[in-house]
Amino acid sequence: MKKKPTYKLSTSLNDDIVEIVITGELEKNDLQKFVNEVSAILKSMNAGKFLADIRDLKGRYSYVEAYSYVRNYPPNFRIKTAVVDIPENADFEDFHETTANNAGLPLKWFTDMDKARAWLKGK
């Protein structure tokens, strides 16, 4: 029997920004399913801007996995994206941001929701 993912996605629309709060635990074997679910949400909401709040998410993938996944994100992920995370994950998020930008994905990480929203609303 297949195990259900232990993460949860809560989606909202706030000033034309698709916001997804991700909580629980993301295990390595759930990573592709997770990417597919987020992609489907962004596509169904015709997202132009995306805010991912992962402050309460347990588990992170490796730098190698981050590099690989960013390079292969679906086309609807290639939108202005803000990731809100905790300061303890700064090294990983800095790598994620740099890798995403190098792959043509406008992504920036923050520790503050208001600053992330302001950046997404900016030009």
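Bear in mind that the values here come from a model prediction, so they are computed numbers and not experimental data.

What counts, and where the lines are drawn
- Residues numbered from 1 in each chain as written.
- Predicted model: local features only at pLDDT ≥ 70, side-chain atom pairs only at ≥ 80, totals over all residues.
- Heavy atoms only, no water.
- Buried < 20%, exposed > 50% of the residue type's maximum accessible area, 1.4 Å probe, protein only.
- Helix = DSSP H or I, 4+ residues; strand = E, 2+ residues; numbered from the N terminus.
- Arc of directions from axis to C-beta.
- Contact = heavy atoms within 4.5 Å.
- Polar contact = N/O pair within 3.5 Å; in protein donor to acceptor, adjacent residues only side chain to side chain.
- Axes fitted to C-alpha atoms, helices over the stretch in contact; angles between N-to-C directions.
- Parallel < 35°, antiparallel > 145°, perpendicular 65-115°, else oblique.
- Left-handed = near helix turned anticlockwise from the far one by under 90°.

### With respect to helix α4 (residues 113–121)
Every buried residue belonging to α4 is among Met113, Ala116, Arg117 and Leu120, and all of these are buried. For α4, the angular spread of buried residues about the axis comes to 95 degrees, placing them on one side. Residues of α4 that are exposed and point more than 90 degrees away from the buried face comprise Asp114 and Lys115. The secondary structure elements touched by the buried residues of α4 are β1 (6–14), β2 (17–25), β3 (49–53), β5 (80–84) and β6 (107–110). At the N-terminal end of α4, a side-chain oxygen is found 3.0 Å from the backbone nitrogen of aspartate 114, two or three residues along, and the residue is aspartate 112.

### Considering the packing of helix α2 (residues 63–71) against helix α3 (residues 90–102)
The packing of two helices is summarised by the inter-axis angle and the distance between the axes. Following both chains from N to C, one finds α2 and α3 inclined at 30 degrees, their axes separated by 9 Å at the closest point. Judged by the angle between their axes, α2 and α3 are roughly parallel. In the crossing of α2 with α3, the sense of the turn from one axis to the other is right-handed. Listed contacts from α3 to Tyr63, Ala66, Tyr67, Val70 and Arg71 of α2 are Asp91, Phe92, Phe95, His96, Thr99, Ala100 and Asn102.

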